[in-house]
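# Coordinates in review
In case you want the letters, here they are:
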There are 2 protein chains.
Amino acid sequence: MENSGIARQLSTFRKTIDNIDAALIHMLAERFRCTDEVGLLKARYQLPAVDQAREQQQFQRLAVLAQEADLDSALVQRLMQFVIGEVVERHRQIAARHEPKPANNPNPRA
Amino acid sequence: MENSGIARQLSTFRKTIDNIDAALIHMLAERFRCTDEVGLLKARYQLPAVDQAREQQQFQRLAVLAQEADLDSALVQRLMQFVIGEVVERHRQIAARHEPKPANNPNPRA
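Small disclaimer: the values here were computed from a predicted structure and weren't measured. (Residues numbered from 1 in each chain as written. Chains lettered and ligands numbered in written order. Predicted model: local features only at pLDDT ≥ 70, side-chain atom pairs only at ≥ 80, totals over all residues.)

The next subject is the overall build of chain A. Helix and strand counts for chain A stand at three helices and zero strands. Counted from the first residue to the last, chain A has its helices and strands arranged as α-α-α. In terms of overall dimensions, chain A is more spread out than a globule: its C-alpha atoms have a radius of gyration of 20 Å, far above the 13 Å expected for 110 residues. With respect to the three principal axes, the spread of C-alpha positions in chain A is 75 × 30 × 20 Å. Considering only contacts within chain A whose residues lie at least 6 apart along the sequence, 74% involve residues at least 24 apart. (Helix = DSSP H or I, 4+ residues; strand = E, 2+ residues; numbered from the N terminus. Rg over C-alpha atoms; globule rule 2.2 N^0.38 Å. Contact = placed C-beta atoms within 7 Å.)

It is worth spelling out the relation of the copies chain B and chain A at this point. With an RMSD of 0.0 Å, the operation that places chain B on chain A is a rotation of 180 degrees combined with a shift of 0.0 Å along the axis. Both chain copies can therefore be described as sitting about a two-fold axis. Taking C-alpha positions as the reference, the residue of chain B nearest the rotation axis is B:L24, at 3.1 Å. Most of the interface of chain B is mirrored in chain A, where 100% of its interface residues are also at the interface. (Least-squares fit on C-alpha atoms with pLDDT ≥ 70 in both.)

With that out of the way, let us pick up the nonpolar core. Of all hydrophobic cores here, the largest spans 22 residues; its most connected members are A:I25, A:V76, B:I25 and B:V76. Where this core is concerned, the elements lending two or more residues are α1 (3-44), α2 (52-68) and α3 (73-97) of chain A together with α1 (3-44), α2 (52-68) and α3 (73-97) of chain B. In this view, A:I25 contacts B:L62, B:L65, B:A66, B:A69, B:L71 and B:V76; residues no more than four positions away in its chain are not counted. (Core = buried A, V, L, I, M, F, W, Y, C linked by C-beta atoms within 7 Å. Buried ≥ 20, exposed ≤ 12 C-beta atoms within 10 Å, placed from the backbone.)

Here the focus is the interface of chain B and chain A. Listed by partner, the interface residues are 49 residues for chain B and 49 residues for chain A. For the side of chain B that touches chain A, the element with the most residues is α1(B), which contributes 28 residues. Here the side of chain B that touches chain A is built from residues that sort into 31 nonpolar, eight polar and ten charged. (Nonpolar A, V, L, I, M, F, W, Y, C, P; charged D, E, K, R; others polar.)

This part takes up the packing of α1(A) against α1(B). Where α1(A) contacts α1(B), the two axes come as close as 9 Å, and the packing angle between them is 165 degrees. Considering the angle they form, α1(A) stands roughly antiparallel to α1(B). In this structure, the crossing between α1(A) and α1(B) has a hand that is left-handed. Class assignment of the residues belonging to the contact of α1(A) with α1(B) gives a composition of 24 nonpolar, six polar and six charged. (Axes fitted to C-alpha atoms, helices over the stretch in contact; angles between N-to-C directions. Parallel < 35°, antiparallel > 145°, perpendicular 65-115°, else oblique. Left-handed = near helix turned anticlockwise from the far one by under 90°.)

Before going further, it helps to examine the confidence of the model for chain A. All names here are of chain A. Overall, the predicted model of chain A reaches an average pLDDT of 89, with 90% of residues at or above 70. Across chain A, the element-wise mean pLDDT spans from 91 in α3 up to 95 in α1. Listed scores for the predicted complex are pTM 0.85 and ipTM 0.86. (pLDDT = per-residue confidence, 0-100.)

As C-alpha cells, then:
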C-alpha cells in the first residue's frame, strides 16, 4: 500500500474509534446517572451501599457477555471492577449527604 | 415508599444498568476489533505501536466529551488510560506475530 493509502486507512480507523469513544462516554454517563439514582434510593431507605449477591450476578453476566463479544473476560472484569468501585464510592458520598427515610411497610420484603 | 415499591424501583434501575453494560461491552468489543486492525496496519508497515500526538489528541477530546456528559474527567482519563494501555499491549503482540511489508511509495507522506 502507498504511504498516502496507509495514512488514509489509519485515519478511517481512528474516526471509528473516536465515534465509539463518544458513544462509550455517553453510555457511561447514563450508567452513572442511573447508579446515582440507586444510591439515592439506598440512602433514603438505609439499604447497604454494597450488595454482594448483585455484584456476583453482574460479574457472572459480564463474563457471558464478554465471551459472546469475543472479549477477554479478565479485561472486562478489571474494567467493571473499576467502574463498580467508583459507583460504591459515589453511593457512600450520596448516603453521607442524605437523611434516611424509614420504609413504611411493617412487613419488609425488599 | 413501601418495601415492595423500593424493591421494584431498584429492580427497574438494575435492568437499565444491565442493558447499558451489555451496550458498553459490545461497543468495547467493536473498539478492540478496530484498534486490532490499526495494530495490524502498524505491524505491516512498521509504524510505532505508540503515537503520542494521537494519544494527546484523544485525551483532550475525551476531556471535552466528559464535560459535555457531566462526567468526572479524571475518572474518564483513568478508564481510557486503562483501555489504551491494553490497546498498546495488543499492538505489541500483533507486531510480534506479523512480518512487516515495506510501503511501496518512494516519497513517503504518511
